[in-house]
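# Examining the three-dimensional arrangement
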Amino acid sequence: MFQYIQKHIHDHLAERGMRQTRLVTKDGHCNIEFGNIRYPNHIAFLVDFWTTFVEIRWRFVLCYFVFAFTGSWFIFGLLWYSIAKSNGDLLGQNSTNGQVRCIENVNGLTTAFLYSLETQTTIGYGGRALTGHCIGTVILIIIQSLIGAIINCFMCGLILAKISLPKKRAKTVTFSETAVICPKKGSLCLLIRVANLRKTLLIGSHIYAKLLRTTITSEGETIILDQISIDFTLDAGKDNLFFVCPLTLCHVIDKSSPFCEMSADTLHKEEFELVVFLDGTAESTSSSCQVRTSFIPCEIQWGHSFLPIVSRTKGGKYRVDFSNFSKTVPVETPHCAYCFQNDRQHDHCFQNDRQHDHSHQQTKGGIDNTGFEVIDIDESTHITNM
């Protein structure tokens, strides 16, 4: 019965989390749209055309690739057709004896299109060629060759830039599906796991987070998506991490932490979004990338800890078991941050009292000699008087 109720509560919290609007999705995409942008601002996207083309979707890039080449072939094919027609080189035109042709074997629109394609792609089958007797054809072939080279360079650079985007490197860096709150090294901490799925490192990695929630200022102003900085640390420090194996990010919940006012009962009733960022430079490409993810209240488990995933084999190698990457186990955790502080103070006072009593006993009864062997003395033994 208890397991059924717990499962029902978990499903309800998960459904509530699905309804909660995220600014950043789990895979790092920003859920935001811009409206009522003025027309001059749209022109700015055309001015910065390179960034616009790099950021558009692949299906549009492929469409532009096809239209750019076929369109240029067709336009120049019309120009070659007009030159041939003006010179009387087409079939059905009354050509005089001894007339000099501008283009050999261009007799119609289809052959003009084929000649344009062969010229721009430098195929040159040899069936159609310029005669060199018309100055207009020489100028047109120079223009088409230059424009064809520009289209080739632009499209090749665009496809290469999209393939090598830094955000593709971010796909091989993953965060745990949930975050946990549990004691660690004498502090109540919020823990998140992050792993690099490639063996190549992210150089100069930097980790930080923002807590997004709606707040009301003292002046009565409502701020939607108010950003509060959350500091995460590791045993190795905060910057320049040795990111070769999965790491556990740690945020200490103290008096300055926004999680200090929350408890195990009220955590899932809160309305906030924890966005975690990891910045670094890819070792293989030297390009900077950023990995993002977010956690909502139903994705934070109070009183749980992550399972260990790093072990050492008999051969002396280190092994990472990603099957336990997001798995957690319940651990003994105080109900809130204030309870944790009170428990620590109580344990500290109790420990001091024990040390005080121990020192008092030693002063009153002497110092115990741990090496002294205790023996039993029989009281009935006769004592010889000297």
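Residues numbered from 1 in each chain as written. Predicted model: local features only at pLDDT ≥ 70, side-chain atom pairs only at ≥ 80, totals over all residues. Heavy atoms only, no water.

## Description of the packing of aromatic side chains
The geometry of two aromatic rings is summed up by the distance between their centres and the angle between their planes. Taken as a whole and assessed by the stated rule, the structure comprises ten aromatic pairs. Note on F53 and F154: the rings are 5.4 Å apart at their centroids and 90° apart in plane angle, and the pair reads as edge-to-face. Taken together, the residues span a long stretch of sequence, with F53 in helix α3 (residues 49-55) and F154 in helix α6 (residues 135-163) at a distance of 101 residues. Ring plane angle 45° and centroid distance 5.9 Å describe the contact between F322 and F325, whose orientation is recorded as tilted. Pairwise contacts between aromatic rings join F49, W50, F53, Y64 and F154 into one cluster. Over the aromatic face of F295 sits the side chain of K26, whose NZ or CZ is 4.0 Å from the ring centroid. Between the NZ or CZ atom of K162 and the centre of the ring of W58, over which it lies, the distance is 5.4 Å. (Phe/Tyr/Trp six-rings, centres within 6.5 Å; stacked < 30°, edge-to-face > 60°. Helix = DSSP H or I, 4+ residues; strand = E, 2+ residues; numbered from the N terminus. Lys NZ or Arg CZ within 6 Å of the ring centre and 35° of its normal.)

## As for the environment of E261
Counting through the fold element by element, E261 comes out in the loop between β8 (247-252) and β9 (273-282). With a relative accessible area of 61%, E261 lands in the exposed category. (Buried < 20%, exposed > 50% of the residue type's maximum accessible area, 1.4 Å probe, protein only.)

## Here we look at unusual backbone geometry
Even without being glycine, T122 reaches a positive phi, approximately 55°. Of note, T122 is situated in the loop between α5 (109-120) and β2 (129-130). Take T122: its relative accessible area is 68%, and that puts it in the exposed class. One non-glycine residue, L225, adopts positive backbone phi at about 60°.

## Considering the sheet that holds β9
Spatially, the four strands line up as an open sheet ordered β7-β6-β9-β10, and their pairing is antiparallel. A strand with exactly one partner marks an edge of an open sheet, and here the two such strands are β7 (222-230) and β10 (288-295). Averaged over neighbouring strand pairs, the angle between their axes works out to 25° when direction is ignored. In terms of strand pairing, strand β6 (residues 202-216) meets β7 through seven bridges, oriented antiparallel. Residue K210 lies in a different strand from β7, and its bridge partner there is S229. (Pairing = 2+ DSSP bridges. Axes fitted to C-alpha atoms, helices over the stretch in contact; angles between N-to-C directions.)

## Section: the confidence of the model for the protein chain
For the protein chain, per-residue confidence averages 79 on the pLDDT scale, and 78% of positions sit at 70 or higher. Predicted confidence is poor over residues 1-9, with pLDDT under 50, and the contacts of this stretch with residues over four places away or in other chains come to zero contacts. Across residues 379-386 the pLDDT falls below 50, and counting only partners more than four positions away or on other chains, this stretch makes zero contacts in the model. (pLDDT = per-residue confidence, 0-100. Contact = heavy atoms within 4.5 Å.)

## Notes on the pattern of salt bridges
Counting across every chain of the model gives four salt bridges. The partner of E104 in a salt bridge is R101, and the shortest N-O contact between them spans 4.0 Å. For E104, a relative accessible area of 34% translates into the label partly exposed. (Salt bridge = Lys/Arg side-chain N within 4 Å of Asp/Glu carboxyl O.)

## Some thoughts on the layout of surface pockets
Empty space among the atoms becomes apparent when a probe as large as a water molecule is rolled across them. Estimated volume of the largest pocket: approximately 1,100 Å³. Along the walls of the largest pocket sit 30 residues, with G28, H29, K167, K171 and R292 positioned nearest its centre. If you list the elements that add at least two residues to the lining of the largest pocket, you get α3, α7 (166-169), β3 (173-175) and β10. Broken down by element, the lining of the largest pocket gets its largest block of residues, five residues, from β10. By residue class, the composition of the lining of the largest pocket is 13 nonpolar, seven polar and ten charged. (1 Å grid on protein atoms, 1.4 Å probe; cavity = no way out; pocket = protein on both sides within 12 Å on 5 of 7 lines; lining within 4 Å. Points joined across faces, edges and corners; volume = space filled by probe spheres on them. Nonpolar A, V, L, I, M, F, W, Y, C, P; charged D, E, K, R; others polar.)

## So, a positive patch on the surface
Together, R57, R59, K167, K168 and K171 make up a region of like positive charge exposed at the surface. Mapped onto the fold, K167 is located in helix α7. Owing to a relative accessible area of 51%, K167 belongs among the exposed residues under this scheme. (Patch = residues over 30% accessible without salt bridge, like charges linked within 9 Å, V, L, I, M, F, W, Y side chains within 5 Å. Areas by Shrake-Rupley, 256 points an atom, 1.4 Å probe, with all protein chains shown as cover. Lys, Arg positive; Asp, Glu negative; His and termini not counted. Charge placed at Lys NZ, Arg CZ, Asp CG, Glu CD.)

## Focus on the state of the cysteines
A complete count under the given rule lists one disulfide for this structure. Two residues, C102 and C134, share a disulfide whose sulfurs are 1.8 Å apart. Residues C102 and C134 are joined by a disulfide whose S-S torsion is about -70°; by sign, that bridge is left-handed. Of this pair, C102 sits in the loop between α4 (58-87) and β1 (103-104) while C134 sits in the loop between β2 and α6, placing them 32 residues apart in sequence. Of the two residues, C102 and C134, neither departs from the other in class, the shared state being buried. (Disulfide = S-S within 2.5 Å.)

## Description of the environment of L202
When you line up the elements, L202 lands in strand β6. Residues L202 and V244, spaced 42 residues apart in sequence, show a C-alpha to C-alpha distance of 8.4 Å.

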